Amino acid sequence: MSSVRAQNTRTDRSGQQRAVGESDRHADLSDSDSSDNYLLSSDEEEAISRGIDASLESDPEGGLPCPSVKRGRVSVTPASLQDGDPNRWRDAGENDSAPVPPRFAPRRVPGPQLDAMRNYSHSDLFLLFFSRAGIQKICSHTNKQAGKRRAKGSKARPWNAVGKEQFCVFLALVLYMGLVRLPALADYWSEDPFFGAPFCGQLMSRNAFLGVLWNLRLSDPEADEENERKRGTPDYDPLWKLQPFLNDLQTSCKAQYHPNQNLSLDERTVAAKASIGPNQSPGDEPAKWGYKLFVLADSLSGYSWNFEVYAGKRRQASGKGLSYDIATSLMDRSLGSGYRLYCGSFFTSPVLFRDLLSKETGACGTIRECRRGYPATKPNGLDRKSPRGTVKWLRQEEVLFLKWRDVSLCTTFHKAQDGRRVRRKIKSRDGTGRHASPPAPIQDYNRCTRGGDQSDQLLDRCSVPRETNRWYKTLFFQFVNIATANSFILHREICEQFGQQPDTQKMFLRALVFELAGELYPLQTTSLASPYAMQHLPEPLARADATARRSKATRGRQSCVYCRRTEGKQIKTPWQCRSCDVPLCAIVDRNCFSKWHRRFLPSQTHACV
């Protein structure tokens, strides 16, 4: 293998030869080998892969702009001229006029948008993103693809039509493989007790699982052929094989949850062995090659509310840059007004922030100093001789530019200083340590951009590890991860509303796997239920041997928690739940035991007797 890689070389931009491995080969967005109409053979492609929107960089000499601009020496301007210059950089002690932010008026109440009268199990929350109609379409397309392969004389194993129940079991196994990871796919059905996972063999045979995996199709195969005939024309859609399921998932994510005021816009890379031109990730990302997603997430919960797959040049470009088009398309008008968007330097530009402000949406983000619209003024600027922790700011109408240490920030709803102080220890030039306070906009930026990081952490903890040779299958598994993370966030917020302790993500996925497989295999689910000590069973509050016969019905009675919480009544009961340790009524005309567990413990009703 090393000799093959040594023969396949390519010349990089510096003129040096480097070996091309298996991960350097370009993969097509279709099953064919030709992708010239999709890839971008320009400097703009390489800039986007490095996280730079070349159309917004101010480089007078052309070519690829550098990600950052080194600060040079600044000429000293007399103080008299500085005071009279309205465009000079100002110090932290100078007063700044506070902008008037738009009033926060969301279209819906922020939080889960679920039926308050319904009890949701783990699988109910997950299937909110995989509707019955959507699953039925996937099964129909998968069966059609299998029939098409068999008609061509494929040597595949015998095929049995897949239905909704079988597909749910397939998803359960996919999620199980994200929790329990083995070196190879065949190890999950191995008879060796060291590697074997008997759970997988009980749910589905290896041949049946591989049959669904090989023939998995998210769009109609006949429509795919028609789209392939349009290759090279403006009507060709490079994401057609993913588009039907992608549209359904985007609609479901926006329908089941309404985000809070602060939003985070970030890039996300789906790792893959092969790469498609514009989907090469920048060097500072963990995944060196893969497919790029742009995700709009809630800064508080990490819920992925909207996202978009990067597929090269856009059909209807605004002429203001790719980052501008993506940000405006993800910020749906159905959100409402008064929202605040936090983004990285790839998206930040004064043009975007002013247009968002005209739509009653504030924005804040780090900015490159070579970005168009960034002030080129030098008087009283931040230079190398400035003490560490120095803050400089400049306001151009509603847009505030701020510098602190090596960070440049742009915002439309902050004041340069609002009195908040956070002490951080920094190292001085002489080696001693001292405390400095970052400006308030930088504090808010660090706090609110954690939404995208939190979303990435939820995806990485129990992500589906399968890599395939078809690009749409790789992205499909990433969308399964998004649906799983969003359903867990819904579960967590529902429990917080009722004052209950939510499950951890691992336990949530464990229960979800059993529930998805339970409809077709109820015996396996029942046999792996909670032990007797943890089941929700009614038991008397008083001991039978220590209670007199005449007082057995009244001895040790306590107030029913459900009656007190829902009706405000103090009704005594001699019964309690063994697992919850709360007194509950358990009589014919007042069965609070059943009502309590259905309302406050919807995920554990299967264990109640």
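Up top is the structure these notes are about.
Just so it is clear, the model here is predicted, and its values are computed rather than measured.

Chemist: Would you take a moment to explain the overall build of the chain for this structure?
Modeler: Looking only at helices and strands, the chain features 19 helices and 21 strands. For the chain, buried positions account for 48% of its 609 residues. By sequence separation, contacts in the chain at least 24 residues apart represent 66% of the contacts at least 6 residues apart. A total of about 31,000 Å² of accessible surface is found on the chain, and carbon and sulfur atoms cover 48% of it.

Chemist: Quick question: what am I supposed to make of the sheet that holds strand 14 (residues 399-404) here?
Modeler: The pairing of strands in a sheet comes from backbone hydrogen bonds and takes either a parallel or an antiparallel form. Spatially, the nine strands line up as an open sheet ordered 3-13-14-15-12-11-7-8-9, and their pairing is mixed. Bordering the open sheet on either side are strand 3 (90-91) and strand 9 (304-309), each of which pairs with just one other strand. Strand direction decides the pairing type here: strand 14 and strand 15 (residues 407-411), joined by five bridges, are antiparallel. When the sheet's bridge partners are listed, Lys403 is paired in strand 15 with Ser408. Of the strands in this sheet, strand 11 (339-343), strand 12 (361-366), strand 13 (391-396), strand 14 and strand 15 are in contact with helix 12 (residues 350-358), which crosses strand 12 at around 160°.

Chemist: I would appreciate a short explanation of the packing of aromatic side chains in the present structure.
Modeler: The geometry of an aromatic ring pair is captured by two quantities: the separation of the ring centres and the angle between the planes. Applying the stated criterion across every chain, the model contains 24 aromatic pairs. Ring geometry for Tyr176 and Tyr188: centres 6.4 Å apart, planes at 70°, overall edge-to-face. A residue pair is termed long-range when its members are at least 10 positions apart, and Tyr176 in helix 6 (residues 164-179) and Tyr188 in the loop between helix 6 and helix 7 (198-203) qualify at twelve residues. With a relative accessible area of 15%, Tyr176 lands in the buried category. Assessed through its relative accessible area of 1%, Tyr188 is described here as buried. With 5.7 Å between their ring centres and 55° between their planes, Phe476 and Phe477 make a pair best called tilted. Here the aromatic cluster, defined as three or more aromatic residues joined through ring pairs, consists of Phe126, Phe130, Phe245, Phe307, Phe476, Phe477 and Phe479.

Chemist: Mind showing me how you'd approach the environment of Glu493 here?
Modeler: Considering the arrangement of structural elements, one finds Glu493 in helix 15 (residues 471-497). You can call Glu493 buried: its relative accessible area is 16%. Here the alpha-carbon distance between Glu493 and Ser301, two residues 192 residues apart in the chain, equals 8.7 Å. Glu493 has contacts with Gly111, Pro112, Tyr257 and Ser301, leaving out every residue within four places of it along the chain.

Chemist: I tried to follow the environment of Leu296 on my own but got confused; where do I start?
Modeler: Summarising the element assignment, Leu296 is placed in strand 8 (residues 290-298). Along the chain, Leu296 and Ala327 lie 31 residues apart, while their C-alpha atoms are 8.7 Å from each other. When near neighbours in sequence (up to four residues on either side) are disregarded, Leu296 contacts Leu263, Ser264, Leu265, Tyr303, Ser304, Trp305, Asn306, Leu330, Met331 and Leu341.

Criteria and cut-off values
Residues numbered from 1 in each chain as written. Predicted model: local features only at pLDDT ≥ 70, side-chain atom pairs only at ≥ 80, totals over all residues. Heavy atoms only, no water. Helix = DSSP H or I, 4+ residues; strand = E, 2+ residues; numbered from the N terminus. Buried < 20%, exposed > 50% of the residue type's maximum accessible area, 1.4 Å probe, protein only. Contact = heavy atoms within 4.5 Å. Areas by Shrake-Rupley, 256 points an atom, 1.4 Å probe, with all protein chains shown as cover. Pairing = 2+ DSSP bridges. Axes fitted to C-alpha atoms, helices over the stretch in contact; angles between N-to-C directions. Phe/Tyr/Trp six-rings, centres within 6.5 Å; stacked < 30°, edge-to-face > 60°.

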